[in-house]
Amino acid sequence: MTKNAVVIGAGLAGIQVSQQLTDLGITIHLIEKEPIIGGLSTYLGRVFPTGDCALCLDASNEMYDGHHRKCQYRGLVTEKKNLKLYTQSEVKSITEADSGFKISIKSEPRYVNLDRCVVCLECIDVCDVEVADEYALRGGTRKAIYRPIPQGVPHAPLIDLEHCTKCGKCVDVCKVNAIDLEEKESSKTINTDAVIIATGVEEKIPLDFPGYEYRTSDDIISHAELARMLDPTGDTNGVVTTSAGDVVSKVTMVLCVGSRDKTAFEYCSQACCTYSLKHAEMLRELGIDVTICYMDIRVPNHSFHYLESSIEKGVKFIRGKPDKVVVRSGKPVTVVEDTQSQKLMQIESDLVVLASPLAPLGIGNDPVSAFLGEYGFAQRVVKERKVYACGTATGPTDIPTSIAEANAVALRVYSDLKGGI
Amino acid sequence: MKKLFLCTCNKTLNKWLDLERIQKEIGSTFESVKVHDALCLEEGLAFLDSEVSKDDAIVIGACTSQIIGVPLERRLKTEQVSFVPIREHVAWVHKEDKKSATNKAIILLQDGAIHVNHMEPKTAVDLQIEKKILVVGGGLAGLKVASDLVQLGVEVTLLEPPEFNKDDYVEKNQFMADSSTLKDTVNGLLATSKGAKKLNGTVTSLSGRAGLFSVIIKLDDGKEMDLLVGAIVVATHTEQSAPSLAKTSLYGKSENSVLISELATLASNKSGKTILVAQDPTYHESDAEGSYLLREVTQAAEKGNTVIVAHFNIYTKDENLYRKARESGVIFVRGTLEKVDKKKDQFVCRLENTLESQVREFTVDYIVLQPERKPWSGTRKLANTLDLNLDQSGFIKTRYSKMKPVQTSKRGIFIAGNAKTPMNLNDALASASNASLEVFKNIIAEGERKGWIPVIDEEQCDLCEACVNACPNDALRRDEDLIKHVPMNCEFCGICVSACPTRAIEFQSHKKDSWLARIEAIGANHKKLEGKKPFTLVYACSECANASIDQAGFTGKGYPTGTYVLQFPCAGMVSPIEILKGLVEGAEQVIVAHCPPGGCHHQTGDHLSELVVKFTQDMLTSIGQDPSRIKATYMIAALPNKMQEEVAHRG
Ligand SMILES: Cc1cc2nc3c(=O)[nH]c(=O)nc-3n(C[C@H](O)[C@H](O)[C@H](O)COP(=O)(O)OP(=O)(O)OC[C@H]3O[C@@H](n4cnc5c(N)ncnc54)[C@H](O)[C@@H]3O)c2cc1C
Ligand code: SF4
Ligand code: SF4
Ligand code: SF4
Ligand code: SF4
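Residues numbered from 1 in each chain as written. Chains lettered and ligands numbered in written order. Predicted model: local features only at pLDDT ≥ 70, side-chain atom pairs only at ≥ 80, totals over all residues. Heavy atoms only, no water.

**Notes on the overall build of chain B**
Our working rule: Put simply, DSSP H or I for four residues or longer makes a helix, DSSP E for two residues or longer makes a strand, and each gets a number counted from the N terminus. Classification of residues uses two cut-offs on accessible area relative to the type maximum, computed with a 1.4 Å probe and protein chains only: under 20% is buried, over 50% is exposed, and between them is partly exposed. Only heavy atoms enter the contact rule, under which two residues are in contact if any of them lie within 4.5 Å. In short, Shrake-Rupley with a 1.4 Å probe defines the accessible areas, and a residue's cover is counted only from the protein chains shown.
Looking only at helices and strands, chain B features 19 helices and 31 strands. Summarising its shape, the C-alpha atoms of chain B cover approximately 100 × 60 × 50 Å along the three principal directions. Residues classed as buried in chain B amount to 62% of the 651 residues present. A separation of at least 24 residues holds for 70% of the contacts in chain B among residues at least 6 apart in sequence. Accessible surface, chain B: about 24,900 Å² in total, of which carbon and sulfur atoms supply 48%.

See the structure below:
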């Protein structure tokens, strides 16, 4: 009998483990709460260690001979025979049954039929409703029927019914009858042999860390927000601006905001040092002045070249954790004691970027959180032969480590379910 | 029969393209022209099913092949298909100028018609694979690979290098985890990998291909053995060596100056001593080594010693180790050990802060150094034998560090654990299982692999071996007076074609004649429809560059009409001939678009195409022509604005 597994979370780790297992002949149900797959990577644009796209996948044996990595839009996830993707879906309950689990999921309606839509984008064109775009930082908008990001998969748009006026214009232009404004949410029960948790992390919005006035100023931002501005398809077309709309010339970055901190997140978020360097380098290429305030710079060997080239490109480093970032005459000022010179410095800049912690997404989400351990992260093997986890669901880390772990877990699941050749 | 199918994409493309004129002007090129409103939907696919037979050659004018090609490949009865992305490459990027956009569509569809003329059926690759595996290295990762694969029923030979010593392995690799965890893991793996055949010896030569490697091993007793294996996993260990600080800190001169691996013994014998532990600022340590340092200094402090750590950057994935070290009383001081003076039984240590000339002095009983972790000393030799690349630190290089962490530059050979970089236990185990997975996938692979391959004309071949050297995948070999192709290793990139000085290699379906005919026709048709308007040719690799151009469509990043994209399997296939031909046919600009630096899917195409363009530019300069008419650049999907930036016409 063919074995099957449920993967919760379609970030890069969830996708990778699903791809590998389908290639090994296991049927996968991949459950994602967002309308598009990719998780954090949908925000990132370009990533270390290779400087290419965040939305890149490793090819699978079934498609493209497992030869090369491919962009997500090339159908790797949506066209595989044994991989069933459920977007806008959440797990409602997980109950142990005979030899596996019964998993019930609930899916929100997209109002656009994935099997009918040809992605002509006409509906988006005719929609009159414009609302703030979640992926935009500087006032960009989207329609009520929209595609979150250009490379987003599945390609078909979705309707944000909260803002939709049901004017029916999109329905009229959609001659292939893909739009159904009356679509209802649906439920499904899946019998499965194993569960793989790949619920990943989010970049914590730094609202509650005392001292950093993230709440008061739109010129104090997080790295995911900076990534949106650096994206040439974002609302600023790749130009880094202040909230007043001016082109930025000076940026200060603060590392370990809320991480490695007994009063907030005790652990080190692992990836922020390196993506700060990545962003610093990208900003330098735009001619922007960058200062990084840090405690330790933790860069894995595969990305050491980012440290070298940041230094080479003139990024300034100050060893010290800022006590606070304040706003003075409209500009953020970082107050930091340089622990090397023991001087108190006040750095005024156009923009301050905070390296906020990577916090587990699985936590607080009921059926999933039952499997989580310390700090809300799971073990690779949560329950022998039954429940597994991979990617940042097991701890904050970068893409290479997430992928390597997803591969390792795929092998483990396969040998537990199938036993061998 | 040659047939054209056009898709209106939900009756939208006619907004930007005059589909009627297209049909009229191109009608005579094809035996039939059919228009559909949704070729990619089930009804469209069924329509193609009924319209296309096995012997037809067809051109699809619709969305990008990357989208419609996927379902079509499963449904179409013919392999002779050329895709013309009139949506992403034409309609969506030339919304302002319907006439020229229509002209461009006509020109590209005519190009598609020539392209299919030259198309051949793909060649099937012999996938025979030996279901036996060789693992080199008997440490943790090697044992894990052996254990994984033995449990999956695969025959494994585990080769331990001659100098490898099982008995002190745990002791020498304490940087990976605390000693009891490490010991338990190794013992567990020794038990579960029992089914593997264990040998001691050295690999002395490798031949064959991925899936069927022949390895010669010189055993420790001097005998040689020949082993046939399907894949090889290199799981060699690391060695520690004294850091550059050794001299300053009198390491080797005084027995009280030691490496961190000796700290535990030192601290267990003595307490109440003052110990300075120094990091070397010139060495970039891994998280495993940082964690190790923290574990050791904590223990030493807990034994009642005063421990000072002179550091500049401590890397650990376990913040609690840092905390525990502080709690146990370890004193952390930022700075570098600059000078050591011996004073009786003690050392006077001068710590300097690199930025500010701030100096502190400590008088201590012992100096302990964080050593450097180097690849096993036999790594270079092994890499030479197996034909693998090394990285800057001498570890074996991965093929692509983001997504292919265990693949090497060579098909069928993988790396695991510390062969790649110093790793902690957890990461090393993941890395090993990752390698096991790749090996296993190869072993159980079913179905067929097909592609267009290079074909060598023996008459024309001078045996210069340029192609053999250029092929990034070891898929071409000299065999006496012939160059032979090894399809299993081949990635169908075509790099060999551009390397051959006598042009003795033809690539199926992408023959020289076909490129020249296509470029010529684009030039002629452009002149016919657009007159004197300048035009640009973009020779794009079918991986990242083509994706970037597709995404330009999705994001509406328009660029001038009169820009024609020709897809090459890899930018490394483009030679000066196609570039010059483009100029000869009147192109104002020829752009070779490749993957990002170091990111070529075929390993070397980004670099090669830059070289080819540079070389062609020099040629142009030397004959008094403007070299800026040609350029090479990278394009990726995350930068869909690249076309817009690169394709700007002068005047
Ligand atoms: C600003 C920033 C920049 C970064 N830059 C880089 C970089 O350059 N290079 C690099 O290597 N790494 C980088 N990282 C880290 C990288 O993004 C992560 O390592 C990686 O994306 C993690 O992938 P994942 O699949 O584990 O998790 P995620 O991407 O978080 O995916 C988890 C998925 O699970 C879904 N999910 C969660 N809970 C549920 C549920 N209950 N039901 C259904 N679905 C659920 C989520 O919606 C999400 O799609 C960066 C991170 C940030 C924040
Ligand atoms: S829903 Fe209809 S109109 Fe909208 S993109 Fe899909 S096919 Fe086009
Ligand atoms: S990765 Fe760097 S910035 Fe992030 S928490 Fe760790 S030390 Fe701080
Ligand atoms: S260069 Fe490319 S196409 Fe030619 S033999 Fe090598 S892998 Fe195959
Ligand atoms: S294959 Fe696609 S996603 Fe991957 S790096 Fe290239 S362009 Fe980007």
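**Quick look at the pattern of salt bridges**
Rules: What counts as a salt bridge is simple: a side-chain nitrogen of Lys or Arg found within 4 Å of a carboxyl oxygen of Asp or Glu.
For the structure shown, the criterion picks out 75 salt bridges over all chains. The partner of Arg323 of chain B in a salt bridge is Glu266 of chain A, with the nearest N and O atoms 3.6 Å apart. Of the two residues, Arg323 of chain B sits in helix H10 (residues 319-327) while Glu266 of chain A sits in the loop between strand E18 (250-254) and helix H6 (272-285), which places them in two different chains. Here Glu266 of chain A falls in the partly exposed class, since its relative accessible area comes to 23%. Here Asp350 of chain A makes a salt bridge to Lys331 of chain A, at a shortest N to O gap of 2.8 Å. One end of the pair, Asp350 of chain A, is in the loop between strand E23 (343-348) and strand E24 (351-354); the other, Lys331 of chain A, is in strand E22 (residues 331-338), and 19 residues separate them in sequence.

**Quick notes on the environment of Lys247 of chain B**
By the secondary structure assignment, Lys247 of chain B is in the loop between strand E12 (238-241) and strand E13 (257-259). Overall, the relative accessible area of 70% leaves Lys247 of chain B in the exposed class.

**Digging into the packing of aromatic side chains**
All names here are of chain A. To keep it simple, the criterion reads: Put simply, two rings from Phe, Tyr or Trp (the six-membered ring, in Trp's case) pair if the centres are within 6.5 Å, and we call them stacked under 30 degrees between planes, edge-to-face over 60, tilted for the rest. By definition here, charges over rings are those cases where NZ of Lys or CZ of Arg is within 6 Å of the ring centre and within 35 degrees of the ring normal.
The full count for this structure, using the stated rule, is 15 aromatic pairs over all chains. Here Phe48 and Tyr306 contribute two aromatic rings whose centre-to-centre distance is 6.3 Å and whose plane-to-plane angle is 70°, an arrangement assigned as edge-to-face. Taken as a pair, Phe48 in the loop between strand E3 (46-47) and strand E4 (52-53) and Tyr306 in helix H7 (residues 304-312) lie far apart in primary sequence, 258 residues in all. Across the pair, exposure class does not vary: Phe48 and Tyr306 are buried alike. Taken together through their ring pairs, the aromatic side chains of Phe209, Phe265, Tyr267, Tyr375 and Phe377 make up a single cluster. Taking the ring centre of Tyr64 as reference, the NZ or CZ of Lys70 above it sits at 4.5 Å. A cation sits over an aromatic face here: Arg142 above Tyr146, 3.8 Å from the ring centre.

**Digging into the site of ligand 5**
In plain terms, the rule: A single heavy atom is enough: if one lies within 4 Å of a molecule or strand, its residue is considered near that molecule or strand. All amino acids are sorted into three groups, where Ala, Val, Leu, Ile, Met, Phe, Trp, Tyr, Cys and Pro are nonpolar, Asp, Glu, Lys and Arg are charged, and the leftover types, Gly among them, are polar.
Taken together, Asp52, Cys53, Leu55, Cys56 and Cys71 of chain A together with Cys544, Ala547, His601 and Ala637 of chain B form the complete shell of residues around ligand 5. In this structure, ligand 5 sits where chains A and B come together, each supplying nearby residues. Looking at the shell around ligand 5, the elements with two or more residues in it are E4 of chain A together with helix H16 (544-554) of chain B. A class-by-class count of the residues in the shell around ligand 5 yields seven nonpolar, one polar and one charged.

**Side note on the sheet that holds strand E7 (residues 83-86) of chain A**
Residues and elements named next belong to chain A. Worth spelling out the cut-off: If DSSP finds at least two bridges between two strands, the strands pair. Only the stretch in contact is used when a helix axis is fitted, and all axes are lines through C-alpha atoms; the angle between N-to-C directions ranges over 0 to 180 degrees.
Strand order in this open sheet of six strands is E7-E2-E1-E15-E27-E26, and the pairing throughout is mixed. Edge positions in the open sheet fall to E7 and strand E26 (381-383), since each of these has one partner strand only. Across this sheet, the average inter-strand angle for adjacent strands is 20°, counted without regard to direction. In this structure, strand E1 (residues 4-8) lies alongside strand E15 (residues 194-197), joined through four bridges in parallel fashion. Its bridge partner lying in E15, Ile8 is registered against Ile197.

**Notes on the environment of Glu182 of chain A**
All names here are of chain A. The topology assignment puts Glu182 in the loop between helix H4 (169-173) and strand E14 (186-192). When its relative accessible area of 46% is taken as the criterion, Glu182 is described as partly exposed. Put simply, Glu182 and Tyr111 are 71 residues apart on the chain and 7.2 Å apart in space, counted from C-alpha to C-alpha.

**A look at the domain arrangement of chain B**
Think of interface size as the accessible area that goes away when the parts come together; that is how it is often given. Filter applied, for reference: For the purposes of this description, domain bounds are those given by an automatic or database domain assignment.
When its domains are assigned, chain B resolves into domain 1 (1-119), domain 2 (123-127 + 448-507), domain 3 (132-239 + 375-444), domain 4 (246-368) and domain 5 (510-651). The C-alpha centroid of domain 5 of chain B is placed 43 Å from the C-alpha centroid of domain 3 of chain B.

**Digging into the pairing of strand E8 (residues 89-96) of chain A**
Residues and elements named next belong to chain A. Sheet analysis places E8 next to strand E9 (residues 101-107), joined by seven bridges and oriented antiparallel. The residue of E9 that forms the bridge with Ile94 is Ile103. Here E8 folds back onto E9 in antiparallel fashion, the turn holding four residues.

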